[in-house]
Every structure is written in structure tokens, then in C-alpha cells.
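# Observations on the model geometry
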Amino acid sequence: MISVRGLSKTFHTSQGPVHALDNVTFSVKSGEVLGIYGPSGAGKTTLLRCLALLETPDSGEILFKGTNVLEVSGEDLRRLRMKIGVVFQGYNLLFSRTALRNVMLPLEIQGYHKQAAAELASTALDMVGLSHRKGFMPTHLSGGEKQRVAIARALVTQPEVLILDEPTSALDKRTAESILELIQGINQSTGITVLIVTHQTELVGAICNRHIYINNGVLSELGCSPDRTLLAAPTVGESVSC
Ligand SMILES: Nc1ncnc2c1ncn2[C@@H]1O[C@H](COP(=O)(O)OP(=O)(O)OP(=O)(O)O)[C@@H](O)[C@H]1O
Ligand SMILES: [Mg+2]
């Protein structure tokens, strides 16, 4: 479904260049749950931002179902963005809007009529188990509930890919497990392709079909395990074929 080839991104800072992504190559199969791991500053969020079409890499290509997304613009780019749902590190909810109106936002941006947007947002909140919290403001929601709203907002445009950046790191273990169960259930019931960035390899790795590791912008594949057991991290550059 997604094929990333030779992706590089350097940030030019006052302290000198930061090579956030260095010739990253990997692919994602339709319907799989891919875990992306690595230490702080490794380049994980930069990679997700490139895949979500929010950051432009310096070189390389990203093929989404065979289309090089870096060559797409205008209306085609807008339609492509709708196919990729993103849950950002730290929820990114608007605190002046209720849960329902937060989930309506991507549809409003797409020009949906308010009534239609409210109906779709309501269904998305039902899907994440928040039927009873639609009128709540984010400040009145627990961390797990906020994360569910963020997931509903990412799903409301019915994307084909769901990208989550550290979806459980701010949650206690029990809440984190319930969020992972939710993500797994959505993957199994809709067939949506899921990419999860996390530090919590054991916890999150349990729901991933395949795992990749990134360090200093360099990516290596950890491999896949039919019993969903996370394989040991290889040395950078080592590849395990599935
Ligand atoms: N906009 C930017 N300008 C300059 N440098 C940046 C920018 N965004 C990221 N970087 C740098 O690129 C590197 C990778 O950052 P990134 O946010 O992708 O890491 P990460 O793996 O997501 O880390 P964390 O686990 O802490 O979230 C870091 O060294 C960071 O300082
Ligand atoms: Mg990050």
C-alpha cells in the first residue's frame, strides 16, 4: 500500500544540520499494523509527518498505491490527505470545542454541511465508545477519552491509513491497553492499515504484525512474528525478511 524509497530529510538549524531521515526505505502492506520504534530524536515523528504529507522530504519518494505523493498537488493532494488519518503526539484537540465539534472539524474543512458533518462525527464517536461524551469539552475528558476523540477525528474522513504518534505514552497501563484494543478492533473490523510510533515496544508491539526500528534517521526492519512476539532489535542496517 505504501512504499517509501530513499527518503531523506535534513533540518538546517543554527546549531548545524540535523539529519532527521537518512535514506529511509521500507514498505507497508495493506491491512497490517506496523510498529515504528526508536529513541527520542530518532526521526520517528519526521517520518510520520512525511507520510502524512505534512513535511516535504529533501529526496526520495513515497508511493501510495503506486502514486508518488510528492508529485501530487492541489485538489488531488487534498483528496489524498483525506485517505490518511493522523493522531498526533499529545491529542491536539481544540479546547474551545466539544468532543463532537472536534471530530467534525476535518469534515468542516472539507466543506461538508454542518448537519452531515455532525452525523458522521457522531458515528465516529460511537465507534470509539464515546457516545456518552459527545457534548463534553476536552478539559472534562480523561486522557484515555481525549485519545479516543483524537482517534475518532482521524477516522471521520474514512481514511485507508491510520497513523498514530505515541498514542499510549501519556496513559496508565490499563487505559493504554484499552486504547490498543480499540486500535486493533478498528483494524480488524475495517481492514484499515495502521502505523504506530511508540517508545513502549512491548506494550504496543503486542498488536503489531511487523516492526521497524529507526535510530539517527536510519531505519532497519525488525521483522515479523506470526505469534506477534516482538523480535530483538538488530544492529542498525540489519534486515530481517518476513
Ligand atoms: N522543525 C524542525 N527543525 C529543526 N530540527 C528538527 C525539526 N523537527 C525535528 N527536528 C530534529 O530532527 C530530529 C528528529 O526529530 P523527531 O521529532 O522526528 O524525533 P522523534 O523520533 O519523533 O523523537 P521523540 O521520540 O522524542 O518524539 C531531532 O534531532 C529533532 O531535533
Ligand atoms: Mg516524536
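Residues numbered from 1 in each chain as written. Chains lettered and ligands numbered in written order. Predicted model: local features only at pLDDT ≥ 70, side-chain atom pairs only at ≥ 80, totals over all residues. Heavy atoms only, no water.

### So, the packing of helix α3 (residues 99-109) against helix α5 (residues 143-155)
The relative placement of two packed helices comes down to the angle between their axes together with the axis-to-axis distance. Operational definition: The convention used is that axes are lines fitted to C-alpha atoms, helices contributing only their stretch in contact, and that angles between N-to-C directions extend from 0 to 180 degrees. A helix here means a DSSP run of H or I that spans at least four residues, while a strand means a run of E at least two residues long, and both kinds are numbered starting from the N terminus. Roughly parallel means an angle under 35 degrees; roughly antiparallel, over 145; roughly perpendicular, 65 to 115; everything else is oblique. It is the rotation of the near helix from the far one that decides the hand of a crossing: anticlockwise by less than a right angle makes it left-handed, clockwise makes it right-handed. Residue contacts follow a heavy-atom distance rule, with two residues in contact if any of their heavy atoms lie within 4.5 Å. Side-chain classes are defined by residue name, with Ala, Val, Leu, Ile, Met, Phe, Trp, Tyr, Cys and Pro counting as nonpolar, Asp, Glu, Lys and Arg as charged, and the others, Gly among them, as polar.
Here α3 crosses α5 at 30°, and the two axes come no closer than 8 Å. Classified by the angle their axes make, α3 and α5 are roughly parallel. Once α3 is placed against α5, the crossing between them reads as right-handed. Judged by residue contacts, A99, N102, V103 and P106 of α3 engage V149, A152 and R153 from α5. Its residues assigned to classes, the contact of α3 with α5 shows five nonpolar, one polar and one charged.

### Remarks on the side chain of T46
In this fold, T46 is placed in helix α1 (residues 44-51). Every residue in contact with T46, bar those within four places of it in the chain, is listed here: K9, F11, A20 and L21.

### Observations concerning the site of ligand 1
Just so we agree on the cut-off: By convention in these notes, a residue is near a molecule or strand provided one of its non-hydrogen atoms lies within 4 Å of it. Counting of polar contacts relies on pairs of N or O atoms within 3.5 Å, with two restrictions inside protein: one atom must be capable of donating a hydrogen and the other of accepting it, and residues adjacent in sequence are counted only when both atoms are side-chain atoms. Each accessible area value is a Shrake-Rupley result obtained with a 1.4 Å probe; residue values ignore everything except the protein chains displayed when judging cover.
Taken together, 14 residues are adjacent to ligand 1, and S40, G41, K44, T45 and T46 come closest. One of the backbone N or O atoms of A42 is found 3.1 Å from an oxygen atom in ligand 1. Backbone polar atom of G43 to an oxygen atom of ligand 1: 3.0 Å apart, as the coordinates give it. Taken by itself ligand 1 offers 630 Å² of open surface, and the protein chains cover 63% of this. The greatest single-element share of the shell around ligand 1, amounting to three residues, is contributed by α1. Of the residues contributing to the shell around ligand 1, the split by class is five nonpolar, eight polar and one charged.

### So, the pairing of strand β2 (residues 16-28)
Formally: Two strands pair if DSSP finds at least two bridges between them.
Bridge analysis of strand β1 (residues 2-13) against β2 gives nine bridges, and the strand direction is antiparallel. Note on β2: the bridge partner recorded for S3 is S27. Following β1, the chain reverses through two residues before pairing antiparallel with β2.

### A short note on the environment of K65
Locating K65 in the fold gives a position in the loop between β4 (59-64) and β5 (67-68). Residues K65 and I2, 63 residues apart in the sequence, show an inter-C-alpha distance of 6.2 Å. Residues in contact with K65, not counting those within four places in the same chain, are M1 and E160. A distance of 2.5 Å separates a polar atom in the side chain of K65 from a polar atom in the side chain of E160.

### Let's talk about the nonpolar core
Short version of the rule: We call a set of buried Ala, Val, Leu, Ile, Met, Phe, Trp, Tyr and Cys residues a nonpolar core when their side-chain atoms join them within 4.5 Å. Remark: exposure states derive from per-residue accessible area (1.4 Å probe, protein chains only) relative to the maximum for the residue type, with buried under 20%, exposed over 50%, and partly exposed in between.
Ranked by internal contacts, the top residues of the largest apolar core, which has 42 residues, are L125, I151 and I183. Broken down by secondary-structure element, the contributors of at least two residues to this core are β3 (33-37), α3, α4 (114-127), α5, β7 (161-165), α6 (173-190), β8 (193-198) and α7 (201-205). Once residues within four sequence positions are removed from consideration, L125 is found in contact with A99, L100, V103, L130, S131, K134, V149 and A152. In this structure, V24, C50, L51 and V69 belong to the second largest nonpolar core, which totals 31 residues.

### Focus on helix α2 (residues 74-82)
Among the residues of α2, those classed as buried are L77, L80 and M82. Turning to α2, the residues buried within the fold contact β4 and β6 (84-87).

### Remarks on the environment of A206
Residue placement: A206 occurs in the loop between α7 and β9 (210-215). It is 9.0 Å that separates the C-alpha atoms of A206 and L180, two residues lying 26 residues apart in sequence.

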